[in-house]
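Coordinate inspection notes
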Amino acid sequence: MDTCKKDMNIVIVGHVDHGKSTVIGRLLADTNSLPLGKLEQIKEMCRRNSKPFEYAFLLDALKDERAQGITIDIARCFFKTEKRKYIILDAPGHIEFLKNMITGASRAEAALLVIDAHEGIRENSRRHGYILSMLGIKQVSVLVNKLDLVNYSEEIYDSIVKDYTEFLAAAGVTPISFIPVSAAMGDNIAKRSENMPWYSGFTVLSQLDAFSEEPPLDDLPFRMPVQDVYKFTSSGDERRIIAGTVESGTLKVGDGIMFYPSGKKTTVASIEEFNRPKRTAVSSGFSTGITMTEQIYVKRGDLAVKTDEKPPVTASRIDVSLFWLGREPFCDNRRYYLKTGSAKVPMRLEKITYVLNASTLEKTVKPSVEKNEVAQCTLALERPVAFDISSDLASTGRFVIVDKYEISGGGIITGTPDDGKIAKDVARRNFKWEHGGVSLTERMERFGQKPLVIMITGRKNSDRKTVARALEKSLFASGKAVYYLGIGNVLYGVDADIKTGRSEDRDERDEHIRRLAETANILTDAGLIVILTASEIDEDDVYLMQTVLGEKIFTVRIGDAYDKEPAFDLAVDENDEKATEMIMRKAELFH
Amino acid sequence: MDHLDRLENRSIHILREAYSQFKNLCMLWSIGKDSTVLLCLARKAFYGHVPFPLVHIDTHYKIPEMIGYRDRLAKEWKLDMIYGENREALEKKLTFPDGNATRIECCKNLKTEALKNTLSGEWPRYRLNHAAGKYEKDANTEPYTGVIVGIRADEEGSRSKERYFSPRDKNNDWDIGDQPPEFWGQYKTDFAPGTHIRIHPLLDWTELDVWEYIKREGVPVVSLYFDQGDGKRYRSLGCWPCTNPVESDAKDLDGIIEELRSGKFANIAERSGRAQDKEDGGGLEELRKDGYM
Ligand SMILES: Nc1nc2c(ncn2[C@@H]2O[C@H](COP(=O)(O)OP(=O)(O)OP(=O)(O)O)[C@@H](O)[C@H]2O)c(=O)[nH]1
Ligand SMILES: [Mg+2]
């Protein structure tokens, strides 16, 4: 009876042609795990094409793979023992397909690394070993294969064990075993070999069952990247559900949670289920959904954590260790996207500390990182994101880099050069925020509106203020609670201590914008629609305001385009009589 | 968390990722057990709603019971149901049962071509009007850029090499020699205009997992999967001229699960009843490169 409920993913890696696919093919054949007739079918195919039979053909299913006798892409194969169900990921060993090897290895809990005893340790034997360490795979068993070609020599086996143990130590891996095998002959694959009386350790099969399952990450701090926010109102469902997969930790109904980078806080009202018994707690690995007691603004890209646990790091510059897989080298004159958890932000390469040859572990300093190289770098993100340092919490401490449409690299976050000051201030402000006796939801119901910040901008000489006042009047007349806050009102009051009049000073300008946004934040918390005006707002200003407000702001440009303008929600002509109406419609103020 | 929980939660993560990243998303529903499990996973992921259309390619050679079952569930679960077809090939009788095409050519005509042109919106799509209770020509002809498909890696060789998010180019072709990397739950969700992405949430499931899940969750499946008393049942559902029932007396879910765990099918491949897989070696790989599921 097959009642076991445990499972494990295993990857098999190593240099090209060292026998990975043969090991797995042999394992499947010797444990009667193949579909009936499969072995005969492959033998027949080899006979028809006058090719020698290969166990590897059981996995190398693609025409090109069989024609070239190599594995091109990772194959998933299903295998089970009394103890568990396995998915074995057979990786290619050719350097050209390193991205496929990483695709497979990143899913594995344990790895088998194959070295050909006849050929010895080769470039990718080492590179793959190093990558396993970067991917955080701790259980590695090394199979020294093709011992039939070296007369089952204990001496040769011992010397490989010695040399490779040394390399792995330098790469930060401690192998849990070495096994001498011959995949072609079936020695020490599924059954103990008679040809190597000098060896008494595991066979490949018994090693698999001896790998231990990674314990669930329930004891670590709670982390859930917000994947989406659902509200299926059109189907009559009024729940607002924050959806995501719990990366680590546990969460219960009633727990205080906080969303980073904004730092907004609320309490878990419910854990939602469909066709499953209602539950009051979830833990790592669950794709779940929660509702909150206060309707704060949360969006994809935020990281949910518990208020009484270790907070994540929020920063816009990060130190990383990465591998590059893109066809084009990774360099500092291009804009990329960084994806971590559910967040996606534009980024640039700021600095390469060194480039590492993952096979020789030699470090060099170069201006760019080429395909299949590993490097230590600093990345500059266009806005702050929340994450963990990989050594604290691996699952929220890693990222990928997208170049044009392709995932072209990935790695782990090793630290931060700065501390993302504004985002941190905002998080602290939200943490310390004193809630009044009336909630924002109640205010929204009373006023019949959602608070919103509308930023009206344009060239220096554009007539922003007239539009702003007309908009304020119209909204007020139609029953909305609205306030026009001119930047002048802030400049000479709230900003009196920093106003120098040097408009080109970027730091001073940032501080003005920050204070303007902080003031607007108080007004939106009071439930108001706030209209702001400022000249020639750029993308950085918009990001800054959104960081402070934790919400999207609605941007309108009056009149002609200007240099360095951001993407606007709306652009209207100067003197357009319909400007007010257009803004009200586009900003969806009456929904 | 047991094995089925792990599979379920990973699949839900993938479905949600697809929904958040693709504006024009649809799910292919072949009415078979796998895509019906996928449909149930979607209802779980989105709390009882299925927020994208379900697309069925009607070859008109499906076993009639399947279409009845499709429309019954579509109404009951308020699904946004769409079907497409290769009307021209059907009218000109360019099919295997008509004797005018090989099995592989027939699959290309009735499935691959119909699928390609239904997804791109070039051929008419028929959408279920729930109020009127019938299908009407759909006014929306925008191409789907994300297509969720219920294939499994254990079905055959080329599927064992698939990605969860797998890009298809302008001609629907699959570049199997150069697939994008995919790790740590980060998938290929950026794509060039004119191309689309196939999304495969069930890759890690085996046939046995699917049946065990059907039993655990009470997923409704067509009765063709069970022996109705003549000692035969379908193990895989396709078009009737090319799908043969297998000898089996499994009358219920327990019977099927037993047969797969340790009984007569424990070591026999599921698609062994599908004739088009055998016609020439690597036939399915070639069909799939051209856009077959
Ligand atoms: N003599 C002998 N030959 C072996 C053994 N294991 C594998 N081979 C042969 O080595 C060759 C390569 O084996 P594969 O299993 O395809 O190697 P691989 O590591 O999967 O190669 P890639 O996936 O392309 O990196 C084949 O011709 C095998 O028959 C062994 O134990 N002894
Ligand atoms: Mg191989």
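Analysis parameters
The residue numbering used here restarts from 1 in each chain and proceeds along that chain's sequence as written. Chain labels run from A onward and ligand labels from 1 onward, assigned in the order the entries are written. A pLDDT threshold of at least 70 governs which residues receive local features in this predicted model, and a stricter bar of 80 or more applies before side-chain atom pairs are shown or counted, although totals over entire chains, interfaces and linings include all residues. The side-chain quantities take in all heavy atoms of the structure and omit both hydrogens and water. Each metal's donors comprise the N, O and S atoms found within 2.8 Å of it (within 3.2 Å for Na, K or Ca). Water is not part of the atom list, so some coordination spheres may appear incomplete. Only DSSP runs of H or I reaching four residues or more are called helices, and only runs of E reaching two or more are called strands; each is numbered from the N terminus. Relative accessibility under 20% of the residue-type maximum defines a buried residue, over 50% an exposed one, and the middle range a partly exposed one, all with a 1.4 Å probe and only protein chains included. In this entry, domain limits derive from an automatic or database-based domain assignment. Any two residues whose heavy atoms approach within 4.5 Å are treated as being in contact. By buried area we mean how much accessible surface two parts lose on assembly, using a 1.4 Å probe and totalling the loss over both. Between any two strands, at least two bridges found by DSSP are needed for them to pair. Comment: axis = line fitted to C-alpha atoms, over the contacting stretch for helices; angle = value between 0 and 180 degrees taken between N-to-C directions. The distinction between a cavity and a pocket rests on a 1 Å grid over the protein atoms alone: a 1.4 Å probe fits inside a cavity but cannot get out, while a pocket stays open yet meets protein on both sides within 12 Å along at least five of seven lines, and a residue with an atom within 4 Å of a point counts as lining. Grid points are joined across faces, edges and corners, and a volume is the space filled by probe spheres set on the points. A side-chain nitrogen of Lys or Arg and a carboxyl oxygen of Asp or Glu constitute a salt bridge if their distance falls within 4 Å. A single heavy atom is enough: if one lies within 4 Å of a molecule or strand, its residue is considered near that molecule or strand. Identification of polar contacts relies on pairs of N or O atoms within 3.5 Å, with a donor-acceptor requirement for protein atoms, meaning one able to donate a hydrogen and the other able to accept it, and with residues adjacent in sequence counted only if both atoms are side-chain atoms. We get accessible surface area from the Shrake-Rupley algorithm with a probe of 1.4 Å; when it comes to residues, only the shown protein chains can shield them. Three classes are used: nonpolar for Ala, Val, Leu, Ile, Met, Phe, Trp, Tyr, Cys and Pro, charged for Asp, Glu, Lys and Arg, and polar for all others, with Gly counted as polar. To count toward a patch, a residue needs a relative accessible area over 30% and no salt bridge; like charges are then connected within 9 Å, while nonpolar side chains (Val, Leu, Ile, Met, Phe, Trp, Tyr) are connected within 5 Å. In this tally Asp and Glu are treated as negative and Lys and Arg as positive; neither His nor the chain ends contributes. We put the charge of a Lys on NZ, of an Arg on CZ, of an Asp on CG and of a Glu on CD. Angles are sorted into four bins: roughly parallel if under 35 degrees, roughly antiparallel if over 145, roughly perpendicular if 65 to 115, and oblique for all others.

Residue and element names in this part refer to chain A. Protein coordination of the magnesium ion (ligand 2) is provided by Ser21 (OG) and Thr71 (OG1), with donor distances spanning 2.0 Å. Of this pair, Ser21 sits in helix H1 (residues 20-30) while Thr71 sits in the loop between helix H3 (63-68) and strand S2 (75-80), and the two are 50 residues apart along the sequence. Taking the relative accessible area as the measure of exposure, Thr71 reaches 9% and is therefore buried.

All names here are of chain B. Taken domain by domain, chain B holds domain 1 (3-205) and domain 2 (207-277). Here the C-alpha centroids of domain 1 and domain 2 sit 22 Å apart. Each partner contributes residues to the interface: domain 1 has 35 residues there, and domain 2 has 29 residues. If you sort the residues of domain 1 by the area they bury against domain 2, Leu4, Lys33 and Ile63 come out on top, with a joint share of 23%.

Turning our attention to the sheet that holds strand S23 (residues 452-458) of chain A. Residues and elements named next belong to chain A. Within the open sheet, the five strands sit side by side as S24-S25-S23-S26-S27. Their pairing is parallel. Single-partner strands in this sheet number two, and they are strand S24 (482-486) and strand S27 (570-572). Adjacent strand axes in the sheet meet at a mean angle of 20 degrees, parallel and antiparallel pairs treated alike. Summarising the sheet, S24 and strand S25 (residues 529-533) pair through five bridges and their orientation is parallel. Across the sheet, residue Val482 finds its bridge partner in S25, namely Ile529. Lying on the sheet, helix H10 (residues 464-477) is in contact with S23, S24, S25 and strand S26 (554-558); it crosses S24 at an angle near 165 degrees.

Before going further, it helps to spend a moment on the sheet that holds strand S4 (residues 110-116) of chain A. Residue and element names in this part refer to chain A. Spatially, six strands are ordered S2-S3-S1-S4-S5-S6 in an open sheet, and the strand pairing comes out mixed. In this open sheet, the two strands that pair with only one neighbour each are S2 and strand S6 (177-180). Strand after strand, the sheet turns through a mean of 25 degrees between neighbouring axes, direction not considered. Direction of pairing for S4 relative to strand S5 (residues 139-145): parallel, over a ladder of seven bridges.

Glancing now at the environment of A:Gly244. Within the secondary structure, A:Gly244 is located in strand S9 (residues 241-245). Each C-alpha atom of the pair A:Gly244 and A:Ala470 lies 42 Å from the other, and the pair is 226 residues apart in sequence.

Our focus in this paragraph is empty space enclosed by the protein. Taken as a whole, this structure holds six cavities of 30 Å³ or more when the rule is applied. Split by domain, the lining of the second largest cavity shows at least three residues from each of two domains, domain 1 (3-205) and domain 2 (207-277) of chain B.

This next bit is on the domain arrangement of chain A. All names here are of chain A. Looking at chain A, the domain boundaries give domain 1 (2-210), domain 2 (218-306), domain 3 (313-419) and domain 4 (437-586). Taken over C-alpha atoms, the centre of domain 2 sits 31 Å from the centre of domain 4. With five residues of domain 2 at the contact, the number on the domain 4 side is five residues. Summed over both partners, the interface of domain 2 with domain 4 buries about 420 Å², with 49% contributed by carbon and sulfur atoms.

Two side chains bearing opposite charge may form a pair once their charged atoms approach each other closely. Applying the stated criterion across every chain yields a total of 72 salt bridges over all chains. Among the salt bridges present, the one from A:Glu350 reaches A:Arg317, with a minimum N-O distance of 2.7 Å. Remark: A:Arg317 occurs in strand S16 (residues 313-324) and A:Glu350 occurs in strand S18 (residues 343-356); sequence separation between them is 33 residues. What emerges from the salt-bridge pattern is a single network uniting A:Glu273, A:Arg276, A:Arg279, B:Asp2, B:Asp5, B:Glu8, B:Lys44, B:Arg216 and B:Glu217.

Residues and elements named next belong to chain A. Around ligand 1 sit 21 residues, and of these Lys20, Thr22, Glu54, Thr71 and Gly93 come closest. Note that an oxygen atom of ligand 1 is positioned 3.1 Å from one of the backbone N or O atoms of Asp17. In this structure, Asp148 approaches ligand 1 through a side-chain N or O atom, which is 2.8 Å from a nitrogen atom. Protein contact buries 86% of the 650 Å² of open area that ligand 1 shows by itself. The greatest single-element share of the shell around ligand 1, amounting to three residues, is contributed by H1. Residue composition of the shell around ligand 1, by class: seven nonpolar, nine polar and five charged.

What follows is about a negative patch on the surface. All names here are of chain A. A cluster of acidic residues, Asp463, Asp560, Asp573 and Glu574, forms a negative patch on the protein surface. Residue placement: Glu574 occurs in the loop between S27 and helix H14 (579-586). When its relative accessible area of 32% is taken as the criterion, Glu574 is described as partly exposed.

A pair of packed helices can be characterised by two numbers: the angle between their axes and the separation between those axes. All names here are of chain B. It is the contact of helix H1 (residues 3-21) with helix H6 (residues 207-217), at a shortest axis distance of 11 Å, that shows an interaxial angle of 90 degrees. Considering their axes alone, H1 and H6 lie roughly perpendicular with respect to each other. Here His3, Leu4, Asp5, Leu7 and Glu8 of H1 come into contact with H6, specifically with Asp209, Glu212, Tyr213, Arg216 and Glu217. Classifying every residue of the contact of H1 with H6 by side-chain character gives three nonpolar, one polar and six charged.

With that out of the way, let us pick up the interface of chain B and chain A. At the junction of the two partners, chain B supplies 64 residues and chain A supplies 76 residues. Both sides of the chain B and chain A interface together cover about 5900 Å² of buried area, and 51% of this is carbon and sulfur. Linking chain B to chain A there are 14 salt bridges. A:Arg76 serves as the salt-bridge partner of B:Asp204, at 2.6 Å between the closest nitrogen and oxygen. Our count for the contact surface shared by chain B and chain A stands at 32 residue pairs in polar contact (both at pLDDT 80 or more). Of all the elements in the fold, those that place two or more residues in the side of chain B that touches chain A are H1, helix H2 (33-45), H6, helix H7 (253-261) and helix H8 (283-289) of chain B. The element that contributes the greatest number of residues to the side of chain B that touches chain A is H1(B), accounting for eleven residues.

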